[in-house]
Every structure is written in C-alpha cells, then in structure tokens.
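Structural overview
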Amino acid sequence: MGKTLQKIKVSTVNEMPKNLGKTVTIGSQEIALFHLANGEFRAIENRCPHKGGVLVEGIVSGDHVFCPMHDWKISIKNGEVQKPDNGCIKTFKVEIEDDSVYIVL
C-alpha cells in the first residue's frame with residue numbers, strides 16, 4: 001500500500017513575486033517556496049545542510065538559491081549543493097491549479 005499524498009494549498013500565484021521566496025510551515029516541516037523568473041514554482045527544505053542557513057532569505061539566481069550565511073549554491077530543482085561544496089536537501093513537488101499553489105507531501 002502506497003502512502004497517500006497530501007496536497008496543501010500554500011499560496012496563490014499572485015501572492016508570490018518572482019525571484020523571491022516564502023516560508024511555508026506544514027506540520028514540523030519548514031519549506032522554502034520560490035517563484036522563479038521563468039514562472040515555475042519550486043519548493044525545498046528551508047535549511048542549508050551546512051550550518052542551517054535560512055534558504056528563503058537567500059538570493060535566487062536562475063535555478064539556484066545562495067545560502068545567506070556562507071553563500072553555498074543549491075539547486076532549487078533537485079536540492080543538490082553545487083561544487084566545491086556538497087550535500088543535498090529535500091525537495092517538494094509543487095502543483096498549480098487555477099490560481100492556487102499547492103505543495104504535495
């Protein structure tokens with residue numbers, strides 16, 4: 001038996017300026033939701049694997065966010081930390097329906 005997926009509305013498209021993040025808390029999980037310049041929405045764990053920097057406060061560039069603490073470059077698409085640093089954070093599926101933004105858990 002597979003786990004049932006939960007779809008949680010976290011925002012509307014209009015509430016999310018491009019290239020900025022929004023912190024979303026679902027249960028005990030703190031998630032950084034980003035509206036990228038190309039119009040895509042992405043959601044990742046909100047803490048850098050290095051020293052726990054708050055990623056939603058980082059600078060977004062293309063498909064990456066730069067941790068505000070030590071400038072680690074992290075892919076918003078797959079959660080991978082870019083070299084020379086290494087590590088990975090959890091990513092979450094985002095769905096858009098009508099004007100609503102959902103995170104799927």
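Per chain, residue numbering runs from 1 following the sequence as it is written. Local features in this predicted model are restricted to residues whose pLDDT is 70 or higher, and side-chain atom pairs enter the listing and the counts only when it is 80 or higher, whereas totals over whole chains, interfaces and linings include all residues. Only hydrogens and water are set aside when side-chain values are computed; all heavy atoms of the structure are taken into account.

1. Let's talk about the sheet that holds strand 6 (residues 64-66)
Quick reminder of the rule: When DSSP locates at least two bridges between a pair of strands, those strands are taken to pair. Helix numbering and strand numbering both begin at the N terminus, where a helix is a DSSP run of H or I of at least 4 residues and a strand a DSSP run of E of at least 2. Comment: axis = line fitted to C-alpha atoms, over the contacting stretch for helices; angle = value between 0 and 180 degrees taken between N-to-C directions.
Across the sheet, which stays open at both edges, the three strands sit in the order 5-6-7 with antiparallel pairing between neighbours. Each end of this open sheet is capped by a strand with a single partner; those strands are strand 5 (59-61) and strand 7 (73-75). Taken over all neighbouring pairs, the strand axes of this sheet differ in orientation by 30 degrees on average, direction set aside. Sheet topology note: the strand 6/strand 7 ladder contains three bridges and is antiparallel. Residue pairing across strands places His 64 opposite Ser 75, the latter belonging to strand 7.

2. Description of the pairing of strand 9 (residues 100-104)
For clarity, the threshold we go by: Categorising residues by exposure relies on relative accessible area from a 1.4 Å probe, with only protein chains included: less than 20% of the type maximum marks a residue as buried, more than 50% marks it as exposed, and the intermediate range marks it as partly exposed.
With respect to burial, strand 9 is a largely interior element, five of its five residues being buried. As paired elements, strand 1 (residues 7-12) and strand 9 share five bridges and run antiparallel to each other. Bridge assignment links Ile 8 to a residue of strand 9, and that residue is Ile 103. In this sheet, strand 9 lies alongside strand 8 (residues 91-97) in antiparallel orientation, the contact comprising five bridges. Directly across from Glu 95, in strand 9, lies its bridge partner Tyr 102. Hairpin connection of strand 8 to strand 9: two residues between the antiparallel strands, including Asp 98 at a positive phi of 55 degrees.

3. Quick word on the nonpolar core
The criterion, for reference: Nonpolar core, defined: a set of buried Ala, Val, Leu, Ile, Met, Phe, Trp, Tyr and Cys residues in which side-chain atoms within 4.5 Å join the residues together. Note on contacts: a residue pair is in contact if any heavy atoms of the two residues lie within 4.5 Å.
Counting 16 residues, the largest nonpolar core has Phe 34, Ile 44, Leu 55, Val 65, Ile 74 and Ile 76 as its most contacted members. Apart from the residues lying within four places of it in its own chain, the contact partners of Leu 55 are Phe 34, Ile 44, Glu 45, Asn 46, Arg 47, Cys 48, Val 65, Cys 67, Pro 68, Ile 74 and Ile 89. Of all hydrophobic cores here, the second largest spans 13 residues; its members include Val 10, Phe 41, Val 94 and Val 101.

4. Concerning the packing of aromatic side chains
Applicable threshold: Ring pairs shown here join Phe, Tyr and Trp side chains whose ring centres sit within 6.5 Å, with only the six-membered ring taken for Trp; geometry is labelled stacked below 30 degrees between planes, edge-to-face above 60, and tilted in between. We call a charge positioned over a ring when the NZ of a Lys or the CZ of an Arg lies within 6 Å of the ring centre and within 35 degrees of the ring normal.
This model, assessed by the stated rule, comprises zero aromatic pairs. A cation sits over an aromatic face here: Lys 7 above Tyr 102, 5.0 Å from the ring centre.

5. Quick look at the side chain of Thr 12
Tracing the backbone through its elements, the reader meets Thr 12 in strand 1. The class of Thr 12 is buried, set by a relative accessible area of 17%. In contact with Thr 12, other than residues within four places in its own chain, are Asp 99, Ser 100 and Val 101.

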